[in-house]
Amino acid sequence: MLSASGVRFARHQTPGTLRDLRRVVDAVFPEDESRLIGMEIGAYRALVLEAQTELNAKDFVRRLCQEVRDDIVEVIGEDRFYIQTNLYLRAARPESGGSPEAIGWHRETFYGPNMERSVNIWTP
Ligand SMILES: [Fe+2]
């Protein structure tokens, strides 16, 4: 069931996908967070892109969809659906000091025709 805002919280069926995803992110970003805070925006974005590229190469979108498949099926009322397999890593530093880095919360239903039945999956 969706809330009035159209948001549904879904629990992953296993911890493995998030664990593996975290390993990819941890391997790309420096352990010392102060290095990230002071990093020039271009260098920071290069790191985000590197992690995103690796996550896409490892097909994490399909894995994430599988983790919440039952919820997707219940929401859309279909047991078969298409997946946009591009994952977007929406990383933002808490103290960038410059222009905002965060992409505002949104659903693809906000854009374009024939998107009414699309479902966004956000994984923190
Ligand atoms: Fe989007």
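What you are looking at is a predicted structure, and each value in this text was computed from that prediction instead of being measured.

Criteria and cut-off values
Residues numbered from 1 in each chain as written. Predicted model: local features only at pLDDT ≥ 70, side-chain atom pairs only at ≥ 80, totals over all residues. Heavy atoms only, no water. Buried < 20%, exposed > 50% of the residue type's maximum accessible area, 1.4 Å probe, protein only. Helix = DSSP H or I, 4+ residues; strand = E, 2+ residues; numbered from the N terminus. Arc of directions from axis to C-beta. Contact = heavy atoms within 4.5 Å. Core = buried A, V, L, I, M, F, W, Y, C linked by side-chain atoms within 4.5 Å. Salt bridge = Lys/Arg side-chain N within 4 Å of Asp/Glu carboxyl O. Donors = N, O, S within 2.8 Å, 3.2 Å for Na, K, Ca; no water. Phe/Tyr/Trp six-rings, centres within 6.5 Å; stacked < 30°, edge-to-face > 60°. Lys NZ or Arg CZ within 6 Å of the ring centre and 35° of its normal.

Engineer: Which residues make up helix 4 (residues 60-67), and what values do they have?
Structural biologist: Along helix 4, the residues classified as buried are Phe60, Val61, Leu64, Cys65 and Glu67. Taken down its axis, helix 4 places every buried residue within 155° of arc, on the same side. Elements in contact with the buried residues of helix 4: helix 1 (16-28), helix 3 (41-57) and helix 5 (69-76).

Engineer: Help me get a handle on the nonpolar core, residues and values and all.
Structural biologist: Burial of nonpolar side chains together is a common tendency in soluble globular proteins. Ranked by internal contacts, the top residues of the largest apolar core, which has 20 residues, are Phe29 and Leu55. Residue assignment for this core shows that the elements contributing at least two residues are helix 1, helix 3, helix 4 and helix 5. No other element matches the five residues that helix 3 contributes to this core. Apart from the residues within four sequence positions on either side, Leu55 is in contact with Leu21, Val24, Val25, Phe60, Leu87 and Leu89.

Engineer: Give me the lowdown on the pattern of salt bridges, citing residues and values where you can.
Structural biologist: Using the criterion set out here, one finds nine salt bridges in the structure. With a shortest N-O distance of 2.7 Å, Asp20 and Arg63 are connected by a salt bridge. Of the two residues, Asp20 sits in helix 1 while Arg63 sits in helix 4, which places them 43 residues apart along the sequence. Note on Asp20: relative accessible area 18%, which makes it buried. With relative accessibility at 30%, the residue Arg63 sits in the partly exposed group. A salt bridge links Asp59 to Arg62; the shortest N-O distance between them is 3.3 Å.

Engineer: Quick rundown of the coordination of the iron ion? Include the residues and the values.
Structural biologist: The coordination sphere of the iron ion contains the protein donors His106 (NE2) and Glu108 (OE), at a distance range of 2.0 to 2.2 Å. Residue class for Glu108 comes out partly exposed when judged on its relative accessible area of 28%.

Engineer: Quick rundown of the packing of aromatic side chains? Include the residues and the values.
Structural biologist: Taken as a whole, this structure holds two aromatic pairs when the rule is applied. Measuring from centroid to centroid gives 6.4 Å for Phe29 and Tyr44, while their planes differ by 50°, and the two rings are tilted. In this pair, Phe29 sits in the loop between helix 1 and helix 2 (33-38) while Tyr44 sits in helix 3, placing the two residues 15 residues apart along the sequence. The class for Phe29 is buried, based on a relative accessible area of 14%. Residue Tyr44 is classed as buried on the basis of its relative accessible area of 4%. Relative to Phe110, the ring of Trp105 lies with its centre 6.1 Å away and its plane at 70°, an arrangement referred to as edge-to-face. Here the guanidinium or amino end of Arg93 rests over the ring plane of Tyr44, the centre of that ring lying 4.2 Å away.

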